[in-house]
Amino acid sequence: MRQTKKEVKDLIDFLKKSPTAFHAVANLRAELLQAGFTELPERTRWNLVPGGRYFTTRNGSSIIAFRVGAELKDPGFMVTASHSDSPCFKIKENAEIRVMNHYVQLNTEGYGGMICSTWFDRPLSVAGRVLVRKKNEDGSERYETRLIDFDRDLLLIPNVAIHMNRKVNDGMAYNKQIDLLPLLGTGEMQQGEFRKLVAAEAGTEEKNLLGCDLFLYSRTQPTVWGANNEFLSAGRLDDLECAYGNLKGFLQGGCEKNIQVYCCFDNEEVGSLTKQGAASTFLSDVLYRVASGLGMDDEDYRCMTARSFMLSCDNAHAVHPNHPEKTDVGNHVFMNEGIVIKSHAGQKYTSDAVSVALFRGVCEKAGVPVQFFANRSDEAGGSTLGNIAMAQVSMNTVDLGLAQLAMHSAYETAGVADLGYLESASAAFYHTYLTADAAGNLVAAE
Ligand code: CO
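Residues numbered from 1 in each chain as written. Predicted model: local features only at pLDDT ≥ 70, side-chain atom pairs only at ≥ 80, totals over all residues. Heavy atoms only, no water.

Some remarks on the overall build of the protein
Note the threshold: Helix numbers and strand numbers start at the N terminus; a helix is a DSSP run of H or I with at least 4 residues, a strand a run of E with at least 2. Just to be clear, the radius of gyration here is over C-alpha atoms, and the globule rule we use is 2.2 Å times residues to the power 0.38. Burial here depends on accessible area, computed with a 1.4 Å probe over protein chains only, as a share of the maximum for the residue type. Under 20% is buried, over 50% is exposed, and the range in between is partly exposed. Here, residues are in contact when the closest pair of their heavy atoms is within 4.5 Å. The method behind every accessible area is Shrake-Rupley, applied with a 1.4 Å probe, and residues are considered shielded solely by the protein chains displayed. Two residue types count as positive, namely Lys and Arg, and two as negative, namely Asp and Glu; His and chain ends fall outside the count. By convention, the charge on Lys lies at NZ, on Arg at CZ, on Asp at CG and on Glu at CD.
Regarding its fold elements, the protein presents 9 helices and 22 strands. The C-alpha radius of gyration of the protein comes to 23 Å, within 12% of the 22 Å expected for a compact globule of 446 residues. In terms of overall dimensions, the protein has C-alpha extents of about 75 × 65 × 40 Å along its principal axes. Looking at the protein as a whole, 52% of its 446 residues qualify as buried. Put simply, 76% of the contacts in the protein that link residues at least 6 apart link residues at least 24 apart. With an accessible surface of roughly 19,700 Å², the protein has 50% of that area assigned to carbon and sulfur atoms. Where the 44 positive side-chain charges of the protein centre and where its 55 negative ones centre are 4 Å apart.

Below is the structure:
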């Protein structure tokens, strides 16, 4: 039986303390600070130096870190991008619902496209961000952001017994306003008690609790399993597995002649159209400010983006053991068999001959196996963040990910070998220096 590798144990720790995008970004931020990166708030001017290492966050749920090479030479940006959010349920403002005066449940709505059935009959908890009002000495008020995580079994969405629904195994259509509301307590609960619990968790009084972004999350703990310990199951593998693998590669250093960029965006699961999503100006704002902070002008910036390259990293669908027919005849992938390069004729995946060739070369150098994924031509497939980000700042981009089962389940499954592959490929990518020869052909060097 294989020993669980250190990077998998580290990922499990990261997943356990990252129940929401806010927590994931707080933990990524902590790793960057520990590695000696300097935080640059977006609202202050940036002064950058060659050799410097920096990061910034937006909304506390998206983060971009960058390392400026010490000896810049016709630099470009070498970018990886992943997402910090996962499908779940968001708690509404006036959340308590009393049922026949014997139950208290919470009113929620879906965030992203989850597999509803996976949320039933398992302990759930609540985590997220709250805004707390504080009084300053001069009488002014400030609004403090606090992350909370109840970190205990707090709620559960019970199934209807099969005796009351004989058709439960014939394919259920779940109604999110009826079937998926979680049970919090009995009729003994006071009206408004949930808000009091949240206020207490945030270390404040209810009257000072002014804003909440709170989500349900599954309490089922990650586990490594299989005959040879070859599988990892956990919530939020899509896409925190990539977010974590990219970061570990990023922290291994990079080419001194260009600028390495690590991005993790919120709101991919709801279309990325937020101020901090991949469709926002966050990435282009940061890249432009890196260029200007290094004393470069607008023309230099255009040259830099033309020399840039992005890995758009989001997990991919492994062949399902019970349903191999769901995948393409030749372009199907398996867990533990390497990084998945995704292609789509309609360009929901950005991969093209140029970006595939370059990334394949990087993986070959790093000794990392690759596999190719395409949707069946009669299936729509999913979308991700690479092509969306290109609307704001355009560069050669390849879509890739790690093979997994049960995407958007509350408990997903991946292969234990693949995280290490992503870490190695990310590190090799960040060490690559990209130029073009006189004919415009891409040239990759160390
Ligand atoms: Co994803």
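Here's the deal with the sheet that holds strand β9 (residues 183-186)
To keep things clear, this is the line we draw: For two strands to be treated as a pair, DSSP must find no fewer than two bridges joining them. A fitted line through C-alpha atoms serves as each axis, taken over the contacting stretch for helices, and the angle formed by two N-to-C directions is quoted from 0 to 180°.
The antiparallel open sheet is built from 6 strands, whose spatial order is β8-β7-β10-β5-β6-β9. Edge positions in the sheet fall to β8 (141-149) and β9, since each has one partner strand and no second. Direction aside, neighbouring strands of the sheet carry axes that sit 30° apart on average. Examined bridge by bridge, strand β7 (residues 124-135) and strand β10 (residues 209-218) share 9 bridges and lie antiparallel to one another. When the bridges of β10 are listed, R129 appears paired with D213. Helix α2 (residues 21-34) contacts β7, β8 and β10 of the sheet and is inclined by roughly 95° relative to β8. Contacts from helix α3 (residues 193-201) reach β5 (88-99), β6 (103-111), β7, β8, β9 and β10, with the element oriented near 95° to β10.

Notes on the sheet that holds strand β15 (residues 316-317)
Within a sheet, adjacent strands bond to each other through the backbone by hydrogen bonds, running parallel or antiparallel. Spatial strand order, β11-β12-β20-β19-β15: 5 strands in an open sheet with mixed pairing. Each edge of the sheet is formed by a strand with only one pairing partner; in this case those strands are β11 (223-225) and β15. Sheet analysis places strand β12 (residues 231-234) next to strand β20 (residues 412-415), joined by 4 bridges and oriented antiparallel. In the sheet register, L232 faces β20, and the bridge partner there is A414. Contacting β12, β19 (403-405) and β20, helix α4 (residues 237-250) runs over the sheet at an angle of about 35° to β20.

Focus: the side chain of S18
Here is the rule we go by: Two N or O atoms form a polar contact when they lie within 3.5 Å of each other; inside protein one atom must be a possible hydrogen donor and the other a possible acceptor, and for residues adjacent in sequence the pair counts only when both atoms belong to side chains.
Tracing the chain through its elements places S18 in the loop between α1 (6-16) and α2. A polar contact is formed between the side chain of S18 and the backbone oxygen of F14, at a distance of 2.7 Å. Setting aside residues no more than four positions away along its own chain, S18 makes contact with H23, A24, N27, R236 and L240.

Some remarks on the pairing of strand β18 (residues 396-401)
Counting buried positions along β18 yields 5 of 6 residues, so the element is predominantly enclosed. With 5 bridges connecting them, strand β14 (residues 309-313) and β18 associate as parallel partners. The residue bridging S312 from the neighbouring strand is D399, located in β18. As paired strands, strand β16 (residues 339-342) and β18 are joined by 3 bridges and run antiparallel to one another. Note that in β18 the partner of K342 across the bridge is D399.

Keep in mind that these numbers describe shape and distance, not what the molecule does.
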